[in-house]
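Summary of structural features
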Amino acid sequence: MKARIKFRKYGALRFIGHLDVMRFFQKVMRRADIPIAFTGGYSPHMIMSFASPLGIGLSSDGEYFDIELREAVSSPEAVRRMNEACVEGIEVVSLRQIAEEKKMTGMTILAGADYLVSLKKGCLPEEWKKKFVEFMSQPEIRVVKQTKRSEKEVDIRPMIYQWEIRGDDLFLQLAAGSAQNLKPDLVMETFCQYLDLPCGDVTFGYHRLEMYADIGKDGRRELVTLESLGWEMEQQDEAKNSD
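Here's a quick rundown of the structure. Computed from a predicted model, the values in this text were never measured in an experiment. Just so you know, the residues in each chain are numbered from 1, in the order the chain's sequence is written. Only residues with pLDDT of at least 70 get local features here, since the model is predicted, and only at 80 or more are side-chain atom pairs given and counted; chain-wide, interface and lining totals rely on the full set of residues. Based on all heavy atoms of the structure, the side-chain values leave hydrogens and waters out of the count.

1. Notes on the side chain of Gln-173
- Each helix is a run of H or I in the DSSP string that is no shorter than four residues. Each strand is a run of E no shorter than two, and both are numbered from the N terminus. With respect to the helices, strands and loops of the structure, Gln-173 is situated in strand S9 (residues 169-175).
- Gln-173 gets classed as buried once you look at its relative accessible area, which sits at 7%.
- Here a polar contact is taken to be a pair of N or O atoms separated by no more than 3.5 Å, where protein atoms must pair a possible hydrogen donor with a possible acceptor and residues adjacent in sequence count only if both atoms sit in side chains. A polar contact of 3.0 Å, which involves the side chain of Gln-173, links it to the side chain of Asp-114.
- Apart from residues lying up to four places away in sequence, Gln-173 is in contact with Ala-113, Asp-114, Met-159, Ile-160, Tyr-161, Gln-162, Tyr-212 and Leu-223. The cut-offs for exposure are 20% and 50% of the maximum accessible area for each residue type, with area from a 1.4 Å probe on protein chains only; residues under the lower value are buried, those over the upper are exposed, and the others partly exposed. Every residue pair with non-hydrogen atoms within 4.5 Å of one another is taken to be in contact.

Dropping the structure here:
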């Protein structure tokens, strides 16, 4: 039985790395008495996979990881117990049962993510909002993108699905996942270059809002949240009592 957990990461804990987050949730599973399944062999470990590790320094309202359970649990009760075992800076939002197919894991189906970008240090030109509209109006935005093995020039414009100026902040919906992946810092670095502004002169803060899967067909994009692909779970004895 597979389940998906959504959580928030904020405050000082935004500075801890992915491995520390994984170890933290391993302890939470034990303290909250969540019946998580383990691998076999001489060194068993909890079956747990994260949709997309969050970079150090980023906060988020929409982080996800999938687990395998030995038995059903009550979603509201499990969320309550996990939050009691959490600390300030991590909050579990939901636990939902998901389909059993391997191809439906969050890591596999991830296709997009929302970010809110804010200026933390330095100054942008007064006309930066007008300039950003011009920047996004370009038919192509070509950058040198670092891959695991080399560097290559790519057009990142098709990977920016949506954008919006929200007061003094920027909303970006970007491609995410194994097929295409665009980080918000690369967008902002490229925008600073467009302004002829040295990247070291300004610092941006990034907050991930949500992550999505693409359920569209025939090349038509239709993004839905990873949370929406699951359903509330009940303990087996509770389900029987309600019949």
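2. Points about the pattern of salt bridges
- The term salt bridge refers to a side-chain nitrogen of Lys or Arg lying within 4 Å of a carboxyl oxygen of Asp or Glu. Under the criterion given, the structure shown has 17 salt bridges.
- With its nearest N and O atoms 3.7 Å apart, the salt bridge here joins Glu-140 to Arg-142.
- A relative accessible area of 43% means that Glu-140 is categorised as partly exposed.
- For Arg-142, a relative accessible area of 41% gives the class partly exposed.
- Between Glu-222 and Arg-220 there is a salt bridge, with its nearest N and O atoms 3.6 Å apart.
- Linked through salt bridges whose partners overlap, the residues forming this network are Lys-6, Arg-96, Glu-210 and Glu-227.

3. Let's talk about helix H4 (residues 128-136)
- For H4, the full list of buried residues reads Trp-128, Phe-132, Phe-135 and Met-136. End-on, the buried residues of H4 take up no more than an arc of 85 degrees, which puts them together on one face.
- Looking at the buried side of H4, the elements it contacts are strand S8 (160-166), S9 and helix H5 (184-194). To be clear, the arc concerns the directions from the helix axis to the C-beta atoms.

4. Notes on the pairing of strand S3 (residues 59-68)
- Counting buried positions along S3 gives 8 out of 10 residues, so the element sits mostly inside the fold.
- Any two strands with at least two DSSP bridges between them are considered paired. As judged from the 7 bridges shared by strand S1 (residues 2-9) and S3, these two strands associate in the antiparallel manner. Note that in S3 the partner of Lys-2 across the bridge is Glu-68.
- Pairing of S3 with strand S10 (residues 203-214) involves 2 bridges; the strand directions are parallel.

5. Examining unusual backbone geometry
- Here the phi dihedral of Asp-33 falls at roughly 60 degrees; this positive angle occurs in a residue that is not glycine.
- Relative to the elements of secondary structure, Asp-33 occurs in the loop between helix H1 (18-31) and strand S2 (48-50).
- In the Ramachandran plot, Asp-218 falls in the positive-phi region, its phi being about 55 degrees despite a non-glycine side chain.
- Within the fold, Asp-218 resides in the loop between S10 and strand S11 (223-225).

6. Describing the nonpolar core
- Nonpolar core, defined: a set of buried Ala, Val, Leu, Ile, Met, Phe, Trp, Tyr and Cys residues in which side-chain atoms within 4.5 Å join the residues together. Grouped together as the largest cluster of nonpolar side chains are 43 residues, with contacts concentrated most on Phe-132, Leu-182, Val-187, Met-188, Phe-204 and Leu-226.
- Where this core is concerned, the elements lending two or more residues are strand S5 (110-121), H4, S8, S9, H5 and S10.
- Residues within four places of Phe-204 in sequence aside, it is in contact with Val-117, Ser-118, Leu-119, Lys-120, Leu-124, Met-188 and Cys-192.
- Counting residues in each nonpolar core, the second largest holds 29 residues, with Val-21, Val-73, Val-79 and Ile-90 among its members.

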